[in-house]
Amino acid sequence: MEMFKGDEAISVTMDKNGTRQFVVNNLLDDSNETRARYLLGRKKLKAKLDATMDTNQLAANTLFEEYSLYTASEKAEILQRNDQFFQALKSNDVATLASLWLDSEDCLCRLSSRRELINGHQNIVEYLGAVNLREEPTDVVRVSLKFMGDMAVVSSEVRGLSGHSPSPDARDKRVVVGYVTNVFVKSPDSERYQLLTHLGSLKETVHSPHHSVFRDPTILPPDPRKMKQ
């Protein structure tokens, strides 16, 4: 699967745990040595590009094509972190969520299934630890990325099922659709993209047996013979 074309090709693979991995030319290796080489190479190339932009357009075009690999890798990193965010919500992993947020009082969070707007890194982490994160829709069905260098906006359509703990006689669950905007910014300390804003909204689809109702296969329909007794 490719999220972007040409010089911005991003391959999407699944690891043994079923987690999606976004990879571009192995530039996302997380070791400190590889990361340091990546940042140094990006800095040197950016300086060359800036120096030739006004004096040698042909050379600048060549350098820009090479530099696009770095921007593609940063897009992949953002998409990876966006995916990690939803995986952590799904598993109620507050520690991972805390590591994804920027350590700033400017952070904002509003979960799709709730109305509270929480600000500040510490307040958000405490809040996430106190609510039931499994109520959140986390199955991503559509993603769009707007990349602006040191900031990126990721819009996601997510789906889930209402009634996560149904009563034994409940047979239908509604399909819940959520719309989430995650804003990532590059941390000045680590040069990594971290979450600044998470804003979610929720709507429950129309109760229709042909469109939006998920029938739990573990709950059998009533036996009509017993109903006559």
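Read on for a plain summary of the structure. Only a predicted model underlies this, so the values are computations on that prediction, with no experimental measurement involved.

Criteria and cut-off values
Residues numbered from 1 in each chain as written. Predicted model: local features only at pLDDT ≥ 70, side-chain atom pairs only at ≥ 80, totals over all residues. Heavy atoms only, no water. Helix = DSSP H or I, 4+ residues; strand = E, 2+ residues; numbered from the N terminus. Contact = heavy atoms within 4.5 Å. Phe/Tyr/Trp six-rings, centres within 6.5 Å; stacked < 30°, edge-to-face > 60°. Buried < 20%, exposed > 50% of the residue type's maximum accessible area, 1.4 Å probe, protein only. Pairing = 2+ DSSP bridges. Core = buried A, V, L, I, M, F, W, Y, C linked by side-chain atoms within 4.5 Å. Arc of directions from axis to C-beta. Disulfide = S-S within 2.5 Å. Salt bridge = Lys/Arg side-chain N within 4 Å of Asp/Glu carboxyl O.

1. Points about the environment of V131
Here comes step 1: By secondary structure assignment, the location of V131 is in the loop between α4 (121-130) and β5 (139-147).
Here comes step 2: Remark: the alpha-carbon pair of V131 and N92, spanning 39 residues in sequence, is separated by 9.5 Å.
Here comes step 3: When residues no more than four places from it in sequence are discounted, the contact partners of V131 are N92, L111 and R114.

2. So, the packing of aromatic side chains
Here comes step 1: What the rule picks out here adds up to 2 aromatic pairs.
Here comes step 2: For the ring pair F85 and F86, a centre distance of 5.6 Å and an interplane angle of 85° mean the geometry is edge-to-face.
Here comes step 3: Taking relative accessible area as the criterion, F85 reaches 2% and is therefore assigned buried.
Here comes step 4: For F86, a relative accessible area of 3% puts it in the buried group.
Here comes step 5: Their ring planes at 55° and their centres at 6.4 Å tell us that F147 and Y193 sit as a pair that is tilted. With F147 in strand β5 and Y193 in strand β8 (residues 193-204), the pair connects residues that are 46 residues apart, well separated along the chain.
Here comes step 6: Owing to a relative accessible area of 23%, F147 belongs among the partly exposed residues under this scheme.

3. Here's the deal with the pairing of β5
Here comes step 1: Of the strand pairs in this sheet, β5 and strand β6 (residues 151-161) are connected by 8 bridges, and their pairing is antiparallel. Across the sheet, K146 pairs through a bridge with V153, a residue of β6.
Here comes step 2: The antiparallel pairing of β5 with β6 creates a hairpin that spans 3 residues between the two strands, and G149 there sits at a positive phi of about 80°.

4. A look at the nonpolar core
In globular proteins that are soluble, nonpolar side chains generally tend to be buried together.
Here comes step 1: One finds F85, W101, L111 and L128 to be the most contacted residues of the largest nonpolar core, which totals 28 residues.
Here comes step 2: Sorting the residues of this core by element identifies α2 (57-91), α3 (94-100), α4, β6, β7 (172-186) and β8 as the ones contributing at least two each.
Here comes step 3: With near-sequence residues (within four places) excluded, W101 lies in contact with F85, C107, L108, C109, H121, I124, L128, Q194, L195, L196, T197 and H198.
Here comes step 4: L45, L63, Y67 and Y70 belong to the second-largest nonpolar core, a separate cluster that totals 7 residues.

5. Some remarks on α4
Here comes step 1: Inspection of α4 places H121, I124, V125, Y127 and L128 among the buried residues, and these make up the whole buried set. Buried residues in α4, looked at end-on, bunch into an arc of 165°, giving them a common side. Relative to its buried face, α4 has exposed residues pointing more than 90 degrees away, namely G129 and A130.
Here comes step 2: Those residues of α4 that are buried lie in contact with α3, β3 (108-110) and β4 (118-119).

6. A short note on the state of the cysteines
Here comes step 1: With the rule as written, the count across this model stands at 0 disulfides.
Here comes step 2: Unpaired in terms of disulfides, C107 finds its nearest cysteine sulfur in C109, a separation of 9.4 Å.
Here comes step 3: Overall, C107 belongs to the buried group, its relative accessible area being 0%.
Here comes step 4: For C109, a relative accessible area of 0% translates into the label buried.

7. Regarding the pattern of salt bridges
Here comes step 1: Under the definition given, this model contains 9 salt bridges.
Here comes step 2: D50 is paired through a salt bridge with K46; the nearest N and O atoms lie 3.0 Å apart. Of this pair, D50 and K46 are both found in helix α1 (residues 32-52), 4 residues apart, which corresponds to roughly one turn of the helix.
Here comes step 3: Relative accessible area serves as the criterion here: at 45%, D50 is assigned to the partly exposed category.

Function cannot be read off these values alone, since they describe shape.
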